[in-house]
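Chain by chain, the residues run as shown.
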Amino acid sequence: MRLACRIATGAALVAVSTLVAAQTVPPGFQVSTAFSGRTNPTAVRFARDGRVYIAQKSGQIYEYDSIADTSGVQVADLRTNVHNFWDRGLLGFALDPGFPEEPYFYVLYTFDAGIGGVAPRWGDGCPSPTNPGNGCVVSGRLSRLTLAGSATTEQVLVEDWFQQYPSHSIGTVLVGADGYLYAGAGDGASFNFTDWGQSPNPAYPDPDSPANEGGALRAQDIRSAGDPLSLSGTLIRVDRRTGLAAPGNPRFATPGASENERRVVGHGLRNPFRFTTRPGTSELWIGDVGWGEYEEIDVLPDAATAPAATAPNFGWPCYEGNGRQGGYDGANIVIERSAGGTPA
């Protein structure tokens, strides 16, 4: 199901960075600084025992004993692995629902190397981030961190998400009410031009995308047979201990399906940077960042209570909002034109 809306957007600052100017708030509200001294915080999580954890885009995670603690201790440092550049970095962070008895964190970050490669490749820089035929090719990782004292060890659950250009990277990870991990990522394509993979970086090509199936069309990859499935532009639902597909996913029991096919519960997304669940359920409400026409709020039904026969297709890049996307429609690519009808 899709709810596509034209909306006005603004910026909200979580109170973890130092306030730099007086702020005017509506009557009955006040602004206070909860934590300070952090750089580019991307997630704040509250544990049942009172501890607070703050993740930074750089790949560091800090632990506070309580909301009264003003210092914080670093308990994870993934900076060697994380490509912290523009919209890339450690963007997704969740606590295990059994924490602290189950001492696990889940992180989703831009990995500073290709899929299966060794980091760092770029070292938080990029010599030519947006020019066609360039871009700094990286990938994404979903990992489970085990906390022991003031340190963590990493178990990589999923490694995928090819990305050429510096936006449309990975995004949210959360644990649904069903106990499974949900993770999402963008298409890894250019935000400056209609990109169907026609301008690869020759030094780091996309091995899983045949001609006319790269760029933004990675978000429709599950509809094309004969090549490995990329997870770019999808939402996945996996076992939080192993990273393997969760029972009830649309292709979980499909004979011959690859593990990535079995993981996918939604696709056709441009940049689902943030999503959340309806309280008490695993129904996802997804904020998908649009290009030039629409910002979208997309709804993915609860896979546990309303299992889908096929993974919902939210339409990108064939559609933006409820109308066909002009740039990609005009490119007349076979996989794009074959979408037909309206998105799920």
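Our structure's up above, just so we're on the same page.
The numbering scheme is per chain: residues are counted from 1 as the chain's sequence reads. Owing to the predicted nature of the model, reporting of local features is limited to residues with pLDDT of at least 70; listing and counting of side-chain atom pairs is limited to 80 or more, with chain, interface and lining totals taken over all residues. To obtain the side-chain values, all non-hydrogen atoms of the structure were used and water was disregarded.

**As for the overall build of the chain**
And step 1. Along the backbone of the chain there are three helices and 18 strands.
And step 2. It is over C-alpha atoms that the radius of gyration is taken, and the globule rule equals 2.2 Å times the number of residues to the power 0.38. Taking 20 Å as the expected radius of gyration for a compact globule of 344 residues, we find that the chain reaches 20 Å, a close match to that expectation.
And step 3. If one aligns the C-alpha atoms of the chain with their principal axes, the spans along those axes are about 60 × 50 × 40 Å.
And step 4. Relative accessible area decides the class of each residue, using a 1.4 Å probe on protein chains only: under 20% of the type maximum gives buried, over 50% gives exposed, and in between gives partly exposed. Counting the 344 residues in the chain, one finds 51% classified as buried.
And step 5. Here, residues are in contact when the closest pair of their heavy atoms is within 4.5 Å. Within the chain, contacts between residues at least 6 apart in sequence are counted, and of these 60% link residues at least 24 apart.
And step 6. To be clear on the numbers: accessible area is Shrake-Rupley with a 1.4 Å probe, and residue cover counts the displayed protein chains and nothing else. When the accessible area of the chain is evaluated, it comes to approximately 14600 Å², of which 53% is carbon and sulfur surface.
And step 7. Taking the 25 positively charged and 35 negatively charged side chains of the chain as two groups, their mean positions are separated by 1 Å. To qualify as a helix, a DSSP run of H or I must reach at least 4 residues; to qualify as a strand, a run of E must reach at least 2; elements of each kind are numbered from the N terminus. For the purpose of counting charges, residues Lys and Arg are taken to be positive, whereas Asp and Glu are taken to be negative. His and the chain ends are not included. For this purpose, a charge sits on NZ of Lys, CZ of Arg, CG of Asp or CD of Glu.

**What about the state of the cysteines?**
And step 1. When two cysteine sulfur atoms are found within 2.5 Å, that pair is recorded as a disulfide. Enumeration over the complete set of coordinates arrives at one disulfide.
And step 2. Disulfide pairing is shown between Cys126 and Cys136; the S-S distance is 2.0 Å. Taking the sign of the S-S torsion, 100 degrees for the link of Cys126 and Cys136, the bridge is right-handed. Here Cys126, found in the loop between β7 (104–111) and β8 (138–148), pairs with Cys136, found in the loop between β7 and β8; they are ten residues apart in sequence, far enough to count as distant.
And step 3. Using a relative accessible area of 2% as the deciding quantity, one classes Cys136 as buried.

**A word on the side chain of Arg270**
And step 1. Positionally, Arg270 belongs in the loop between β13 (264–267) and β14 (274–277).
And step 2. The term salt bridge refers to a pairing of a side-chain nitrogen on Lys or Arg with a carboxyl oxygen on Asp or Glu at a separation within 4 Å. Although Arg270 is buried, it makes no salt bridge; Asp187 carries the closest opposite charge, 5.3 Å away.
And step 3. Counted as a polar contact is a pair of N or O atoms within 3.5 Å, where, for protein atoms, one must be capable of donating a hydrogen and the other of accepting one, and residues adjacent in sequence contribute only when both atoms are in side chains. Within polar-contact distance, the side chain of Arg270 engages the backbone oxygen of Gly290 at 2.6 Å.
And step 4. Apart from residues lying up to four places away in sequence, Arg270 is in contact with His168, Gly186, Asp187, Phe191, Asp288, Val289, Gly290, Trp291 and Trp316.

**Topic: the layout of surface pockets**
And step 1. Its volume calculated, the second largest pocket comes out at about 380 Å³.
And step 2. At the level of elements, β2 (41–46), β6 (90–95), β10 (170–175) and β14 are the ones that each hand at least two residues to the lining of the second largest pocket.
And step 3. The element contributing the most residues to the lining of the second largest pocket is β6, with five residues.
And step 4. Residue polarity is assigned by list, with Asp, Glu, Lys and Arg as charged and Ala, Val, Leu, Ile, Met, Phe, Trp, Tyr, Cys and Pro as nonpolar; anything else, Gly included, falls into the polar class. Its residues assigned to classes, the lining of the second largest pocket comprises 13 nonpolar, four polar and four charged. A pocket here means an open set of points on a 1 Å grid, computed over the protein atoms alone, that has protein on both sides within 12 Å along at least five of seven lines. A cavity is instead a set of points where a 1.4 Å probe fits but cannot get out; residues with an atom within 4 Å of a point line either one. Grid points are joined across faces, edges and corners, and a volume is the space filled by probe spheres set on the points.

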